[in-house]
Amino acid sequence: MNNLLNKLERKLGRYAIPNLIVWLLGGYAIGLALLFAVPDVLSLMTLEPYYILRGQVWRLLTWVLMPPDSSLLFTVIMMLFYFQLGQSLERTWGTFRFNVYIFGGILFTILGAFLLYGISYVVNGVPVLGMGYYFTTNYINMAIFLAFAVCYPEMQVMLYFIIPIKMKWLAIVYGVMILFIMVQTGWAGRVAIIMSLLNFLVFYLSTRNYRRVSPREFRRRQAFKANMRQSAPRPGVTKHKCAICGRTELDGDNLEFRFCSRCEGNYEYCQDHLFSHKHVGRSTDS
């Protein structure tokens, strides 16, 4: 799958949306405003296959705007938390892969809604309403959290701004909660949960290159950047240059460069092309 993503990124990477998490959270803000201003309109925004098949196609998009909770305080805290997670994942994976992850979760959720609708129709013999209750963005947010926890299991956060806890333990707690909900809920709820988290199960676990990104590797890069600042090059002279895009350290303070151990020769790449370039000299690894 990693090779497929590399090919897709070379062809479609320019269409990726930077800071996608900002757009998603902005949608929550719109949904929250509608909840307080025109609460009845939210019933027209749910992911309800029955109404979508009868012409209300806007529901394929508007369900993403619905806030995960009606509490203003909770929603604001959640938005601040997921803003940090989303920004970190985009820096770790790159813009294109983060886009694929988020849109994959949205697509799987939509497919899950229609799958559940179809099964219910076959079992009951009549169209079934109320599917939109099960399909929300809650588990898409959970997929973002789980991906971040796997990338940075040792990172410590302050639970409720008071209790220090590592991401791996928090992820285990959430995982147990998901399993408990799946046991307690009906088969309709199980379909919704599985489909909403399918992007995590398929996209992340099958892309094993991301396992190289760990807190230890992050600290090593930070130390490398600190050493580079101490030995700054002369004006007009660069120490690093990406073999793909040609950018150097003079093009941005946040750019990082590394040599690829799988390429034959001294080929250096920026963080946007380190994992997506075609390896040089070894056709079997490409």
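Just so you know, these numbers come straight off a predicted model, no measurement behind them. (Residues numbered from 1 in each chain as written. Predicted model: local features only at pLDDT ≥ 70, side-chain atom pairs only at ≥ 80, totals over all residues. Heavy atoms only, no water.)

In this section: the packing of helix α6 (residues 95–124) against helix α9 (residues 187–196). At their nearest, the axes of α6 and α9 sit 8 Å apart, and the two run at 155° to each other. The orientation of α6 relative to α9 falls into the category roughly antiparallel. Regarding α6 and α9, the two cross each other, and that crossing is right-handed. In this structure, α6 contributes F108, T109, L111, G112, L116, I119 and S120 to the contact, and α9 contributes W187, A188, V191, M195 and S196. Residues that form the contact of α6 with α9 fall into these classes: 8 nonpolar, 4 polar and no charged. (Axes fitted to C-alpha atoms, helices over the stretch in contact; angles between N-to-C directions. Helix = DSSP H or I, 4+ residues; strand = E, 2+ residues; numbered from the N terminus. Parallel < 35°, antiparallel > 145°, perpendicular 65-115°, else oblique. Left-handed = near helix turned anticlockwise from the far one by under 90°. Contact = heavy atoms within 4.5 Å. Nonpolar A, V, L, I, M, F, W, Y, C, P; charged D, E, K, R; others polar.)

What follows covers helix α5 (residues 72–93). Between its first and last C-alpha, α5 extends 31 Å over 22 residues, near the 32 Å set by a 1.5 Å rise per residue. Turning to α5, its buried residues are T75, M78, M79, Y82, L85, G86, Q87, S88, L89, E90, T92 and W93. Directly beyond the C-terminal end of α5, a positive phi value near 105° is found at G94. (Expected span 1.5 Å × (residues − 1). Buried < 20%, exposed > 50% of the residue type's maximum accessible area, 1.4 Å probe, protein only.)

Further remarks concern the confidence of the model for the protein. Scored by pLDDT, the protein comes out at a mean of 80, with 86% of its residues at no less than 70. The secondary structure element of the protein with the lowest average pLDDT is helix α11 (residues 215–230), at 66, and the one with the highest is helix α4 (residues 59–62), at 91. (pLDDT = per-residue confidence, 0-100.)

Take helix α7 (residues 138–151) next. Taking 1.5 Å as the rise per residue, α7 with 14 residues should run 20 Å; its terminal C-alpha atoms sit 20 Å apart, in good agreement. Counting buried residues along α7, 12 of its 14 residues qualify, which places the element largely inside the surrounding structure. Looking at α7, one finds that the buried residues are Y139, I140, N141, M142, A143, I144, F145, L146, A147, F148, A149 and C151.

What follows is about the packing of α6 against α7. For the pair α6 and α7, interaxial distance at closest approach is 10 Å and the crossing angle is 140°. Considering only the axes of α6 and α7, their crossing is right-handed. Counted together, Y101, I102, G105, I106 and T109 of α6 and I140, A143, I144 and A147 of α7 form the full contact between these two elements. By residue class, the composition of the contact of α6 with α7 is 7 nonpolar, 2 polar and no charged.

Attention now moves to the environment of G246. Relative to the assigned elements, G246 resides in the loop between α11 and β3 (257–259). If near-sequence neighbours (up to four positions away) are discounted, G246 is found in contact with K241 and D251.

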